[in-house]
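A look at the structure
Letter by letter, the chains look like this.
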Amino acid sequence: MAHDTTHDHANHAHGDHDHHGPAYGWRRWVYATNHKDIGTMYLVFACIMFFVGGFMAMIIRAELFKPGLQLVDPMFFNQMTTMHALIMIFGAVMPAWTGLANWMIPMQVGAPDMALPRLNNFSFWILPFAFTLLLGTLFVPGGAPAGGWTLYPPLSLQGGDGFPMAIFAIHLMGASSILGSINVVVTIMNMRAPGVGLLNMPLFCWSWLITAYLLIATMPVLAGAVTMLLTDHFFGTSFFSASGGGDPVMFQHIFWFFGHPEVYILILPAFGIISEIIPTFSRKPLFGYDAMVYATAAIAFLSFIVWAHHMFTVGMPLAGQLFFTLSTMLISIPTGVKVFNWTATMWKGSLTFEPPMLFALAFLFLFTIGGFSGLMLAVVPADFQYHDTYFVVAHFHYVLVPGAVFGIMGGVYYWLPKWTGKMYDMKLGTWHFWLSAIFVNVLFFPQHFLGLAGMPRRIPDYSTQFTDWNMVSSIGGFGFGLSQLLFPYIIWKCVKAGQKASDRSWEGAHGLEWELPSPPPYHSWTEAPSREVIARGVQH
Amino acid sequence: MGTLKQADDFGRRARVRRSAWILGLVALSFYVAFIWMSVARS
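Residues numbered from 1 in each chain as written. Chains lettered and ligands numbered in written order. Predicted model: local features only at pLDDT ≥ 70, side-chain atom pairs only at ≥ 80, totals over all residues. Heavy atoms only, no water.

**A short note on the overall build of chain B**
When helices and strands are counted, chain B shows two helices and zero strands. Out of the 42 residues in chain B, the part that is buried amounts to 33%. Entry remark: accessible area of chain B is about 2,700 Å², with carbon and sulfur atoms responsible for 67%. (Helix = DSSP H or I, 4+ residues; strand = E, 2+ residues; numbered from the N terminus. Buried < 20%, exposed > 50% of the residue type's maximum accessible area, 1.4 Å probe, protein only. Areas by Shrake-Rupley, 256 points an atom, 1.4 Å probe, with all protein chains shown as cover.)

Now the structure itself:
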């Protein structure tokens with residue numbers, strides 16, 4: 001290595017904290033200010049929430065296995081759909097991205113840690129309280145929120161004691177995301193080592209920088225919306241109550257002004273990871289780096305002007321319908337640039353198919369399916385037919401599961417040897433991939449047919465003509481759920497008994513993180529990387 | 001921590017704090033603006 005990363009306490013005067021190692025026991029985690037420790041906590045938390053939310057999905061699919069009411073009563077079913085969404089979005093995917101950001105951004109920009117380590121600790125430790133509160137709603141009179149994750153009034157205002165708990169939990173999650181995002185922006189804008197320019201830093205950093213701006217702009221909007229729900233419910237205001245002169249549709253506008261950028265918050269970091277993985281396993285530089293950056297920024301900008309495509313059936317003027325249809329379709333242009341650039345990166349490359357690359361390729365195919373069904377939903381007359389059917393459920397699950405979740409899994413399989421210094425069981429990883437990729441399609445593809453045939457979403461019972469595809473979908477769901485148990489097992493086995501990984505764990509890997517030892521030192525770059533290291537590490 | 005030491009090396013400690021505060025205030029202003037807009041409309 002081109003730099004000395006040893007930790008020698010004896011060489012430092014008392015009070016010099018620059019090179020100290022981890023604290024012992026619980027203090028290491030509760031008082032954590034180290035980006036790797038906090039990143040690990042985020043990832044473990046996300047994994048736990050992934051299985052909690054996944055368990056709820058299993059309940060949903062078990063109930064829908066055949067028509068009629070079998071396992072749960074309709075109210076509890078609605079609580080499960082609402083909680084599944086809130087937990088997967090705010091508890092699993094977003095914390096997983098923040099965990100990956102914490103681990104990778106300082107290493108990739110040549111910084112020793114995140115710019116604001118104590119704020120980082122605070123951002124993480126808000127989350128267990130938020131989700132204890134949210135899950136606690138299952139045990140209070142009236143149960144958990146059951147009006148859907150969109151919390152539309154007046155339905156959401158009819159909740160029981162769980163309503164204010166859920167609102168407070170959402171406020172806490174929002175605060176955590178905003179603080180985490182501030183940390184990411186400040187780190188990337190101020191802590192890049194000399195020589196790491198904005199237009200030669202890894203695309204994962206770029207995609208996270210743009211995501212962080214989206215979060216800072218939109219999470220306060222959600223917070224404002226749910227604050228107004230709270231005052232409508234408890235303090236006699238009428239923001240969204242027609243009887244008091246308010247407008248329930250205004251909530252939908254405000255919610256989706258947050259909600260659509262939120263979709264990109266969930267997917268943009270995956271774009272960054274795929275842009276890291278595909279060049280590595282194609283053994284070629286990324287095709288069109290600058291175009292990828294501009295495409296990401298264009299997608300982020302467009303995400304702010306498309307929100308009402310979620311509301312076509314609510315009713316709006318023709319000009320509004322045309323505007324939101326066309327602006328939505330525009331998003332396919334920068335997204336297409338990305339898909340073609342990833343494909344061009346692989347063109348004539350020396351491809352190998354290790355687990356990260358397999359997840360990246362599945363992302364490329366299956367996310368594109370989700371993108372295409374999104375285009376179908378952007379067409380107003382078609383949306384009148386598809387709205388609130390299983391077609392919409394199929395669409396956003398294609399974007400979020402083989403999109404965001406496969407992106408996270410690909411990222412973990414890509415960087416796990418760097419984090420642990422050990423190589424995981426590639427055969428098991430490949431098994432995990434194929435089981436996931438097959439079952440995710442068995443799970444979600446039939447839902448397109450169900451939706452086109454008219455099956456509504458958010459119902460515990462359905463007409464008998466929908467039985468066959470629901471059975472297929474549920475079998476896919478159980479298979480997908482079970483195959484995910486491999487994921488923590490593979491990580492546990494890697495940590496316990498993995499073979500030693502080299503510093504550059506993948507021969508085609510470029511980037512400053514691969515210039516550090518595996519596992520990397522407690523503080524990544526205590527001295528800024530030299531020009532030679534940067535020249536070797538960056539691709540552009 | 002090594003972080004602020006390196007920020008010092010780059011002459012960026014003040015910039016780190018200033019940009020964090022600015023972003024926090026931007027977030028807060030979005031929160032206030034959307035509630036204020038809703039008050040004005042309802």
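**Examining the overall build of chain A**
For chain A, the helix and strand inventory stands at 17 helices and two strands. The C-alpha atoms of chain A give 23 Å as radius of gyration, which agrees with the globular expectation for 540 residues (24 Å, within 12%). Its C-alpha atoms give chain A principal-axis dimensions of roughly 70 × 55 × 45 Å. Put simply, chain A has 540 residues, and 61% of those count as buried. Sequence separation of at least 24 residues holds for 82% of the intrachain contacts in chain A that already meet a minimum separation of 6. Summed over its atoms, the accessible surface of chain A is roughly 20,000 Å², and 70% of this surface lies on carbon and sulfur atoms. On chain A, the mean spot of the 22 positive side-chain charges and the mean spot of the 26 negative ones are 8 Å from each other. (Rg over C-alpha atoms; globule rule 2.2 N^0.38 Å. Contact = heavy atoms within 4.5 Å. Lys, Arg positive; Asp, Glu negative; His and termini not counted. Charge placed at Lys NZ, Arg CZ, Asp CG, Glu CD.)

**As for the state of the cysteines**
Residue and element names in this part refer to chain A. Throughout the structure, instances matching the rule amount to zero disulfides over all chains. In this structure cysteine 494 is a free cysteine whose sulfur lies 14 Å from that of cysteine 47, the closest cysteine sulfur available. Residue classification places cysteine 494 among the buried residues on the basis of a relative accessible area of 1%. (Disulfide = S-S within 2.5 Å.)

**Describing the interface of chain A and chain B**
Chain A puts 44 residues into the contact, and the matching count from chain B is 25 residues. For the pair chain A and chain B, the two sides together bury roughly 2,700 Å², of which 69% comes from carbon and sulfur. Put simply, chain A and chain B have zero salt bridges between them. Our enumeration of links across chain A and chain B arrives at four residue pairs in polar contact (both at pLDDT 80 or more). Take the side of chain A that touches chain B: its biggest share by element is nine residues, from helix H6 (residues 203-234) of chain A. Each residue belonging to the side of chain A that touches chain B can be placed in one class, and the counts come to 27 nonpolar, twelve polar and five charged. (Buried area = accessible area lost by both parts, 1.4 Å probe. Salt bridge = Lys/Arg side-chain N within 4 Å of Asp/Glu carboxyl O. Polar contact = N/O pair within 3.5 Å; in protein donor to acceptor, adjacent residues only side chain to side chain. Nonpolar A, V, L, I, M, F, W, Y, C, P; charged D, E, K, R; others polar.)

**Observations regarding helix H16 (residues 486-497) of chain A**
Residues and elements named next belong to chain A. For H16, with twelve residues, the first-to-last C-alpha span of 16 Å sits near the 16 Å given by 1.5 Å per residue. Taken together, the buried positions of H16 are Leu486, Phe487, Ile490 and Cys494. End-on, the buried residues of H16 take up no more than an arc of 105 degrees, which puts them together on one face. Those residues of H16 that are exposed and aimed more than 90 degrees away from the buried face are Trp492 and Lys496. Residues of H16 that are buried in the fold lie against helix H13 (390-420), strand S1 (422-423), helix H14 (426-452) and helix H15 (467-483). (Expected span 1.5 Å × (residues − 1). Arc of directions from axis to C-beta.)

**Comments concerning the environment of methionine 219 of chain A**
Residue and element names in this part refer to chain A. Residue position: methionine 219 is located in helix H6. With a relative accessible area of 1%, methionine 219 lands in the buried category. Taking the C-alpha atoms as reference points, methionine 219 and tyrosine 152, separated by 67 residues in sequence, lie 17 Å from one another. Every residue in contact with methionine 219, bar those within four places of it in the chain, is listed here: Phe90, Met94, Gly174, Ser177, Ile178, Phe258 and Glu262.

**Section: the packing of aromatic side chains**
Residues and elements named next belong to chain A. Counting across every chain of the model gives 44 aromatic pairs over all chains. Taken together, a centroid distance of 6.1 Å and an interplanar angle of 65 degrees make the contact between phenylalanine 281 and tyrosine 414 edge-to-face. Here tyrosine 414 lies in helix H13 and phenylalanine 281 lies in helix H7 (residues 248-282), a separation of 133 residues in the sequence. Taking the relative accessible area as the measure of exposure, phenylalanine 281 reaches 1% and is therefore buried. (Phe/Tyr/Trp six-rings, centres within 6.5 Å; stacked < 30°, edge-to-face > 60°.)

**Structural notes on unusual backbone geometry**
All names here are of chain A. Geometrically, the link from proline 153 to proline 154 is a cis peptide bond, its omega value of 5 degrees lying close to zero. Position of proline 154 relative to the elements: it lies in the loop between helix H4 (117-136) and helix H5 (162-190). Cis peptide bonds are those with omega within 30 degrees of zero, and the linkage from serine 518 to proline 519 qualifies with -10 degrees. Within the secondary structure layout, proline 519 lies in the loop between strand S2 (499-500) and helix H17 (531-537). Even without a glycine there, the phi angle at arginine 458 is positive, about 60 degrees. By relative accessible area, which is 29% here, arginine 458 ends up partly exposed.

**Quick notes on the packing of helix H3 (residues 74-109) of chain A against H4 of chain A**
All names here are of chain A. Axis separation between H3 and H4 bottoms out at 12 Å; the angle between their running directions is 165 degrees. The orientation of H3 relative to H4 falls into the category roughly antiparallel. Crossing angle aside, the handedness with which H3 passes H4 is left-handed. Of the residues in H4, those in contact with Met83, Leu86, Ile87, Phe90, Gly91, Pro95 and Asn102 of H3 are Asn120, Leu127, Phe131, Leu134 and Leu135. Tallied by class, the residues present in the contact of H3 with H4 amount to nine nonpolar, three polar and no charged. (Axes fitted to C-alpha atoms, helices over the stretch in contact; angles between N-to-C directions. Parallel < 35°, antiparallel > 145°, perpendicular 65-115°, else oblique. Left-handed = near helix turned anticlockwise from the far one by under 90°.)

**Points about a nonpolar patch on the surface**
On the surface, a cluster of nonpolar side chains totalling about 570 Å² of accessible area is made up of Leu25, Leu28, Val32, Trp36 and Met37 of chain B. On the basis of relative accessible area, methionine 37 of chain B is assigned to the partly exposed category, the value being 45%. (Patch = residues over 30% accessible without salt bridge, like charges linked within 9 Å, V, L, I, M, F, W, Y side chains within 5 Å.)

**As for the packing of helix H9 (residues 318-330) of chain A against helix H10 (residues 332-346) of chain A**
Residues and elements named next belong to chain A. Interhelical geometry of H9 versus H10 gives an angle of 15 degrees and a closest axis separation of 5 Å. By the angle between their directions, the pair H9 and H10 is classed as roughly parallel. Of H10, the residues touching H9 (which contributes Thr328, Met329 and Leu330) are Ser332, Ile333 and Pro334. Class assignment for the residues of the contact of H9 with H10 results in four nonpolar, two polar and no charged.

**With respect to the pattern of salt bridges**
All names here are of chain A. A full pass over the atoms with the stated rule returns six salt bridges over all chains. With a closest N to O distance of 3.8 Å, aspartate 388 and arginine 457 form a salt bridge. You can see aspartate 388 sitting in the loop between helix H12 (380-386) and H13 and its partner arginine 457 sitting in the loop between H14 and H15, a full 69 residues away along the chain. Arginine 504 is the partner of glutamate 515 in a salt bridge, and the nearest nitrogen-oxygen pair spans 2.7 Å. With glutamate 515 in the loop between S2 and H17 and arginine 504 in the loop between S2 and H17, this pair connects stretches of sequence that are eleven residues apart. Among the residues examined, glutamate 515 registers a relative accessible area of 2% and is labelled buried. Owing to a relative accessible area of 27%, arginine 504 belongs among the partly exposed residues under this scheme.

**Comments concerning the environment of alanine 308 of chain A**
All names here are of chain A. Looking at the secondary structure, you find alanine 308 in the loop between helix H8 (289-302) and H9. Spatially, the C-alpha atoms of alanine 308 and phenylalanine 257 are 8.0 Å apart, while their sequence positions differ by 51 residues. Those residues in contact with alanine 308, other than ones at most four positions away along the chain, are His253, Met316 and Phe324.

Purely spatial values, then, with no claim about function.
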